[in-house]
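Listed below are the residues making up each chain.
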Amino acid sequence: MEFKAGTKVPIADGLDEPYSCSFSRHAANGRRKVFDFVDERVGLKLLAAKMLNESVPGGSRWAYVFGSVLLFIFIMQAVTGVLLMFYYVPTADHAYASTQYILHDVDYGWFLLSYHFWGSSAMVVCVFAHMSQVFLWGAYKKPRELIWLVGLALFGLVMGFGFTGYLLPWDQRAYWATTVGVEIMDKTPLIGDFLARLLKGGATPGQMTLSRFFRHSRHGAPRSPDWVGRVASLPL
Amino acid sequence: MQPQLKSKVRCADRDVGEVTKVIMDPLSHEVSHLVVSMNGAGERQVSMGSVQTVTDDLVQLRSSSSEVMALPPFKRDDYVTLHEVEIPGLERHIHVTPGEVLVPFPELERNVKRRTFFTNLTYVMGLFIGLPLVYPVLKYLMKPMYAPFDNRWLKIGNVGKVKADDAGTQFKFKRKVKEAYLPEAEIEKNVWLVKATPAVLEKVYQGKDMEFRDATGKTLWTNKKDMPYIAFSGKCPHLGCGYKWRKHKVLGPVFLCPCHVSIYDASGRVLEGPAPRPSTCCRFRCPRVARCKLSIWNSKPGRRSQSRMV
């Protein structure tokens with residue numbers, strides 16, 4: 001392109017604009033200074049630009065929201081999960097009592113526990129929606145085949161969280177749901193017995209099962225945000 | 001070759017200054033303009049079209065210096081830095097510090113500020129969703145922090161077994177404790193009961209009834225000054241050891257703590273040792289000799305003040 005000196009570069013109007021910006025040049029001075037101090041070190045503007053000004057080829061669609069929704073729910077699961085651990089005890093003699101304590105005695109415990117409970121269900125729903133979208137839009141195709149594979153691994157992780165977290169209240173429903181799930185795994189040819197024992201930590205479900213499931217629900221989580229983040233951002 | 005920041009700018013006739021900023025075209029990802037500092041005479045925006053050659057540290061222009069000077073001054077407000085916008089793939093085209101690279105401030109944003117509005121709206125909505133969650137979470141965490149004192153009356157048994165006046169008699173009993181979701185537990189407790197003569201009573205009460213208040217300051221119970229029985233908490237106020245009624249060679253019969261040899265007389269007063277305050281009196285009531293009750297009234301050990309413990 002050829003421009004005369006002093007003229008402005010013409011830019012495209014409307015939605016196809018290749019970039020946009022979001023900031024206020026005329027903010028109050030003091031606030032500005034504090035903001036600039038933090039921004040210089042943390043990169044707030046860059047972060048906000050990344051989150052809000054993400055360029056979506058072909059324009060944004062409601063169908064694209066599930067990845068971000070998943071990330072949001074996941075973060076909330078981590079937050080509420082950490083909060084629940086303030087009171088929850090993963091031992092066979094206290095798991096049920098401490099869950100009931102959270103539900104009935106602790107202020108807003110019912111809220112946080114229900115949030116965690118429904119959040120895990122919502123995550124499973126959103127994972128299916130997200131994967132359907134990726135599949136139907138063909139977003140798994142070259143060069144994104146590996147993202148699809150990572151997504152499959154994450155799908156397994158989400159299902160794993162759902163399965164292991166279900167046992168933690170240690171009530172009848174939790175116990176028998178886990179028993180059924182593990183028995184299904186037990187029927188796998190050749191390695192079924194090994195896998196079932198690996199999950200149960202023995203021949204029958206008990207304290208070892210609770211410990212293992214809690215470990216998965218609790219400690220599986222810190223390793224996955226990195227994954228989730230990558231999957232969420234890679235398709236850009 | 002791309003023009004470099006800080007390189008000299010030479011017109012057809014002479015040097016005019018140096019490159020201070022670079023303006024990119026967001027569509028073509030090419031450098032469209034250079035900003036030239038005119039040796040202190042303000043900044044001018046020079047199109048790449050008037051650039052003849054670019055070498056390592058020199059930009060040669062076709063136009064003369066007077067032509068460049070005649071250009072309108074550079075308007076910084078019409079541009080934004082790459083800090084403030086994100087243009088995919090632009091970094092691949094240019095290798096300078098992003099702060100120095102400008103792109104035109106889009107016409108759409110300039111007056112309407114539509115995007116700024118929606119950005120701030122997003123923040124405000126996030127705030128409205130996030131802030132109300134702070135209170136429940138705080139309440140959730142605070143639940144066990146301010147548990148009330150256990151002010152229940154506990155039976156200690158028949159005080160008829162106290163034979164001698166002004167001598168300590170130990171009463172052992174059990175106290176039930178229920179903490180949060182844990183099953184109810186029983187712990188062993190003991191108090192030292194003294195059937196006091198008026199002289200000792202005077203030392204304890206100093207002419208006044210002893211009032212016991214709960215955390216809010218409401219009076220729970222008053223130990224009357226003429227009630228002959230005094231119940232001392234079984235814990236030494238020094239560091240919480242259990243003490244005994246023993247005969248001391250010099251001081252006679254006293255309460256003696258084996259841990260650090262704090263010594264109290266029958267009225268609980270400290271005679272010797274590191275104890276910071278007298279032995280703690282418990283709430284005590286005795287409607288009948290066989291049905292005496294008290295309420296544990298432990299205070300934090302090692303302090304002068306009697307700040308209460310659960």
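Thresholds applied
Along each chain, residue indices are assigned from 1 in the same order as the chain's sequence is written. Here chains are named by letter from A upward and ligands by number from 1 upward, in the order in which they appear as written. For a predicted model such as this one, the threshold for reporting local features is a pLDDT of at least 70, and the threshold for listing and counting side-chain atom pairs is 80 or more; totals across whole chains, interfaces and linings nevertheless cover every residue. Where side-chain values are given, they derive from all heavy atoms of the structure, hydrogens and water being excluded. Where helices and strands are cited, they refer to DSSP runs of H or I of at least four residues and of E of at least two residues respectively, numbered from the N terminus. Exposure classes here rest on a 1.4 Å probe applied to the protein chains alone. A residue is buried below 20% of its type maximum, exposed above 50%, and partly exposed in between. Here, two residues are considered to be in contact whenever any of their heavy atoms come within 4.5 Å of each other. For the accessible areas, the method is Shrake-Rupley and the probe is 1.4 Å, while residue cover comes only from the protein chains on display. N or O atoms within 3.5 Å of each other form a polar contact, as long as, within protein, one can give a hydrogen and the other can take it, and as long as residues adjacent in sequence are counted only when both atoms are side-chain atoms. Only one rule defines a salt bridge in this text: a Lys or Arg side-chain nitrogen within 4 Å of an Asp or Glu carboxyl oxygen. The length a helix should cover is 1.5 Å for every residue beyond the first. Pairing between strands is defined by DSSP: at least two bridges between them are needed. When the sulfur atoms of two cysteines come within 2.5 Å, that pair is taken as a disulfide. In predicted models, pLDDT denotes the confidence assigned by the predictor to each residue on a 0 to 100 scale. Definition of nonpolar core: a set of buried residues of the types Ala, Val, Leu, Ile, Met, Phe, Trp, Tyr and Cys, connected through side-chain atoms within 4.5 Å. Each axis is a line fitted through C-alpha atoms, taken for helices only over the stretch in contact, and angles between the N-to-C directions span 0 to 180 degrees. An angle below 35 degrees is treated as roughly parallel, one above 145 as roughly antiparallel, one from 65 to 115 as roughly perpendicular, and anything else as oblique. By the definition used in this description, the sense in which the near helix is turned from the far one sets the handedness, with an anticlockwise turn below a right angle giving left-handed and a clockwise turn giving right-handed. Classes in brief: Ala, Val, Leu, Ile, Met, Phe, Trp, Tyr, Cys and Pro nonpolar; Asp, Glu, Lys and Arg charged; the others, Gly included, polar. Surface patches are drawn from residues lacking salt bridges whose relative accessible area is over 30%; two like charges belong together within 9 Å, two nonpolar side chains (Val, Leu, Ile, Met, Phe, Trp, Tyr) within 5 Å.

Re the overall build of chain B
Then comes step 1: Along its length, chain B carries four helices and 20 strands.
Then comes step 2: In chain B, buried positions account for 41% of the 310 residues.
Then comes step 3: For chain B, contacts bridging at least 24 residues in sequence account for 52% of all contacts bridging at least 6.
Then comes step 4: For chain B, the accessible surface area stands at approximately 17,100 Å², while carbon and sulfur atoms represent 55% of it.

Quick word on the side chain of B:S32
All names here are of chain B.
Then comes step 1: In this fold, S32 is placed in strand β3 (residues 31-37).
Then comes step 2: You can call S32 buried: its relative accessible area is 3%.
Then comes step 3: Among the polar contacts made by the side chain of S32, one reaches the side chain of H33 at a distance of 2.9 Å.

Focus on the pattern of salt bridges
Pairing is possible between side chains of opposite charge, provided their charged atoms come close.
Residue and element names in this part refer to chain A.
Then comes step 1: Summed over all chains, the structure comprises 12 salt bridges over all chains.
Then comes step 2: The partner of K187 in a salt bridge is D186, and the shortest N-O contact between them spans 3.5 Å.
Then comes step 3: What emerges from the salt-bridge pattern is a single network uniting E183, D186 and K187.

Considerations on the environment of B:P148
All names here are of chain B.
Then comes step 1: Looking at the secondary structure, you find P148 in the loop between α3 (114-142) and β9 (154-157).
Then comes step 2: Owing to a relative accessible area of 67%, P148 belongs among the exposed residues under this scheme.
Then comes step 3: For P148 and D214, which are 66 residues apart along the polypeptide, the C-alpha to C-alpha distance reads 8.9 Å.

Considerations on helix α6 (residues 145-167) of chain A
Then comes step 1: Here α6(A) spans 34 Å end to end across 23 residues, near enough to the 33 Å set by a 1.5 Å rise per residue.
Then comes step 2: Residues A:I147, A:G151, A:L154, A:V158, A:G160, A:F161, A:T164 and A:L167 constitute the buried set of α6(A).

Concerning the pairing of strand β5 (residues 51-55) of chain B
Residues and elements named next belong to chain B.
Then comes step 1: Pairing of β5 with strand β6 (residues 58-61) involves four bridges; the strand directions are antiparallel. Looking across to β6, one finds that V51 is bridged to L61.
Then comes step 2: Hairpin connection from β5 to β6: two residues lie between these consecutive antiparallel strands.

A few points about unusual backbone geometry
Then comes step 1: In this chain, A:K142 is followed by A:P143 through a cis amide linkage whose omega measures 5°.
Then comes step 2: Position of A:P143 among the secondary structure elements: in the loop between α5 (109-136) and α6.
Then comes step 3: Phi at B:D166 is positive, roughly 55°, even though this residue is not glycine.
Then comes step 4: Structurally, B:D166 is set in the loop between β9 and β10 (168-177).

Concerning the state of the cysteines
Residues and elements named next belong to chain B.
Then comes step 1: Under the criterion given, the structure shown has two disulfides over all chains.
Then comes step 2: A sulfur-sulfur separation of 2.1 Å characterises the disulfide bridge that pairs C241 with C259. As the torsion about the S-S bond is roughly -100°, the C241-C259 disulfide counts as left-handed. Taken together, the positions of C241 in the loop between β14 (229-233) and β15 (244-248) and C259 in the loop between β16 (252-256) and β17 (263-264) put the pair 18 residues apart, joining distant regions of the chain.

Quick word on the confidence of the model for chain A
Then comes step 1: Taken as a whole, chain A shows an average pLDDT of 81; of its residues, 79% reach a score of 70 or greater.
Then comes step 2: In this model residues 1-27 of chain A is a low-confidence stretch, pLDDT under 50, and it forms 75 contacts with partners more than four residues away in sequence or in other chains.

Let's talk about the nonpolar core
Nonpolar side chains in soluble globular proteins tend to be buried together.
Then comes step 1: B:V9, B:V19, B:V22, B:L34, B:V59, B:L61 and B:V68 are the most contacted members of the largest nonpolar core, which has 23 residues in total.
Then comes step 2: Of all elements in the fold, only β2 (15-24), β3, β5, β6 and β8 (101-104) of chain B reach the threshold of two or more residues within this core.
Then comes step 3: For this core, the element with the highest residue contribution is β2(B), accounting for four residues.
Then comes step 4: With residues up to four places along the chain from it excluded, the contact list for B:L61 reads B:V9, B:R10, B:C11, B:A12, B:V46, B:S50, B:V51, B:Q52 and B:V68.
Then comes step 5: By size, the runner-up hydrophobic cluster in this structure holds 21 residues, among which are A:L84, A:Y87, A:I102 and A:F214.

So, the sheet that holds strand β19 (residues 283-285) of chain B
Residues and elements named next belong to chain B.
Then comes step 1: Pairing is antiparallel across the open sheet formed by three strands, whose spatial order is β9-β20-β19. Across the chains shown, the open sheet's two edge strands, defined by having one partner strand only, are β9 and β19. Within the sheet, the average angular offset between the axes of one strand and its neighbour, ignoring direction, is 30°.
Then comes step 2: Bridge count between β19 and strand β20 (residues 292-295): three bridges; the pairing is antiparallel. Within the sheet, the bridge partner assigned to R285 lies in β20 and is K293.

Focus: the side chain of A:T99
All names here are of chain A.
Then comes step 1: Inspection of the secondary structure puts T99 in helix α4 (residues 95-104).
Then comes step 2: Residue classification places T99 among the buried positions, given a relative accessible area of 6%.
Then comes step 3: Reaching out from T99, the side chain makes a polar contact with the backbone oxygen of A95 at a distance of 2.7 Å.
Then comes step 4: If we skip the residues at most four places from it in the chain, T99 touches Y88, L113, L168 and P169.

Structural notes on the confidence of the model for chain B
All names here are of chain B.
Then comes step 1: When pLDDT is averaged across chain B, the result is 84; 92% of the residues are at 70 or more.
Then comes step 2: Helix α2 (residues 107-110) is the least confidently modelled element of chain B, averaging 68 in pLDDT, while β17 averages 92, the highest of any element.
Then comes step 3: Quick note on the complex model: pTM equals 0.68, ipTM equals 0.76.

Side note on the packing of helix α3 (residues 65-84) of chain A against α5(A)
Residue and element names in this part refer to chain A.
Then comes step 1: Put simply, α3 and α5 touch, their axes get as near as 9 Å, and they point 155° apart. In terms of their interaxial angle, α3 and α5 are classed as roughly antiparallel. Note that α3 runs across α5; the crossing there is left-handed.
Then comes step 2: When grouped by side-chain class, the residues that make up the contact of α3 with α5 number 17 nonpolar, eight polar and no charged.

Some points on a nonpolar patch on the surface
Residue and element names in this part refer to chain A.
Then comes step 1: Together, V34, F37, V38 and V42 give the surface a local cluster of nonpolar side chains, amounting to about 370 Å² of exposed area.
Then comes step 2: Positionally, V38 belongs in helix α1 (residues 29-42).
Then comes step 3: According to the relative accessible area criterion, V38 is partly exposed, its value standing at 31%.

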